Amino acid sequence: MTSKNTAQTRTRLLLALWDLGGTQQEVKKGQLSKRIVSKSQKVADYQGSFEELQNQGAIAISKKGYSLTSPKGLEVLGEGLKSGDFKFEGTIVGTWAANALLRWISQIDVAVVSADVPVNGKGAIGSYDEFKSVALEVYDKLNQNYNLDDLVPIYRIRREIGGQVSRQNFNEWLLEMQEKDILQLQGGSLSDSDPDKLEDSITTPISGLRCYAKRLNS
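Notes on the structure follow. Note that the structure is predicted; figures quoted are calculated from it, not measured. Counting starts from 1 at the beginning of each chain's written sequence and moves along it residue by residue. Whole-chain, interface and lining totals are the exception, using all residues; otherwise, since this is a predicted model, local features are given only for residues with pLDDT of at least 70 and side-chain atom pairs are given and counted only at 80 or more. As a rule here, side-chain values cover all heavy atoms of the structure and leave hydrogens and water aside.

### Topic: the overall build of the chain
In plain terms, the rule: Helix and strand definitions here come from DSSP, where helices need a minimum of 4 consecutive H or I residues and strands a minimum of 2 consecutive E residues; each element is numbered from the N-terminal end. Exposure categories follow from relative accessible area, calculated using a 1.4 Å probe and restricted to protein chains: below 20% of the type maximum is buried, above 50% is exposed, and the middle band is partly exposed. Residue exposure ignores everything except the shown protein chains as possible cover, and the areas themselves are Shrake-Rupley values with a 1.4 Å probe.
When helices and strands are tallied, the chain shows 9 helices and 8 strands. Taken across its 218 residues, the chain has 43% of its residues classed as buried. Looking at the chain as shown, the accessible area adds up to about 11500 Å², and 48% of this sits on carbon and sulfur atoms.

The following block contains the structure:
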């Protein structure tokens, strides 16, 4: 479908890849397809867009997935979002897209400069100890600002930290914080059961879905 091989389709694809942490790690093909391919479409409809972005040097493609190159991919995404022609097709915009745009806007001054520069101006998190310090700082801020009664949604911690850490490291290090009795990860349900918020929570092999974090020590 030639209509899919458009500038706005490529921008939407790049936005999804960026939101899934494509600057920090390779995003699996199925994970990206779940975000961008609607029920009436097929992955093949986007083949032209993938190829063009690869030729531009904006993305890298492997047998298993995709990654967003830096700085080229971020530059192309930024230019696409600023284009007067960019818009979402249809009448309903997915929650992930709206949240991704809000996060991009909050990082607009630094996102295109480097994949390693997050919203607070610090470098990418490269160790568990550094992650622990940042995660607790974010936890305390969210708990205080939003009066969450010590139960902070994990998706909010993940989104606040943003591109400083890959999704895989976020999951592993947050679980390590639980193992060391720093945080307790709890189940329960989110008020709106939003799929994107659930995806940004944590699922463990033993306990299943964990949506909230509670700090155990001072």
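From this point, the narrative continues.
### Remarks on helix H2 (residues 29-36)
Condition: Each direction from the helix axis to a C-beta atom contributes to the arc, which is the arc of those directions.
Burial in H2 covers these residues: Leu 32, Ser 33, Arg 35 and Ile 36. Taken down its axis, H2 places every buried residue within 160° of arc, on the same side. Projecting away from the buried face of H2 at angles above 90 degrees are the exposed residues Gly 30 and Lys 34.

### Re the environment of Ser 83
Within the secondary structure, Ser 83 is located in the loop between helix H4 (72-82) and helix H5 (95-106). Spatially, the C-alpha atoms of Ser 83 and Ala 7 are 9.4 Å apart, while their sequence positions differ by 76 residues.

### Details of the pairing of strand E5 (residues 183-186)
Filter applied, for reference: Strands are labelled as partners when DSSP assigns at least two bridges between them.
Burial along E5 is one-sided: the face carrying Leu 183 and Leu 185 is buried and the face carrying Gln 184 and Gln 186 is not. Pairing analysis gives 4 bridges linking E5 to strand E8 (residues 212-215), with the strands arranged antiparallel. Paired with Gln 186 across the two strands is Tyr 212, which belongs to E8.

### A few points about the sheet that holds E8
Backbone-to-backbone hydrogen bonds join strands into a sheet, with any given pair of strands oriented parallel or antiparallel. The following threshold applies: Contacts were defined at the residue level, with two residues in contact if any of their heavy atoms lie within 4.5 Å. Every axis corresponds to a line fitted to the C-alpha atoms, with the helix fit spanning only the stretch in contact, and the corresponding angles, defined between N-to-C directions, vary from 0 to 180 degrees.
A sheet is described by the order of its strands in space; here 3 strands give the open sequence E4-E8-E5, paired in antiparallel fashion. Two strands lie at the open edges of the sheet, namely strand E4 (152-153) and E5, each paired on one side alone. With 2 bridges joining them, E4 and E8 adopt antiparallel strand pairing. Along E8, the bridge assignment pairs Val 152 with Ala 213. This element, helix H6 (residues 128-145), spans E4, E5 and E8 of the sheet and lies at about 100° to E8.

### Observations regarding the sheet that holds strand E3 (residues 65-68)
The strand order across the open sheet formed by 3 strands is E1-E3-E2, and the pairing between neighbours is antiparallel. With partners counted over all chains shown, the strands left at the sheet margins are strand E1 (27-28) and strand E2 (59-61), one partner each. Packed onto the sheet, helix H1 (residues 7-19) meets E1, E2 and E3 and runs at close to 90° relative to E3.

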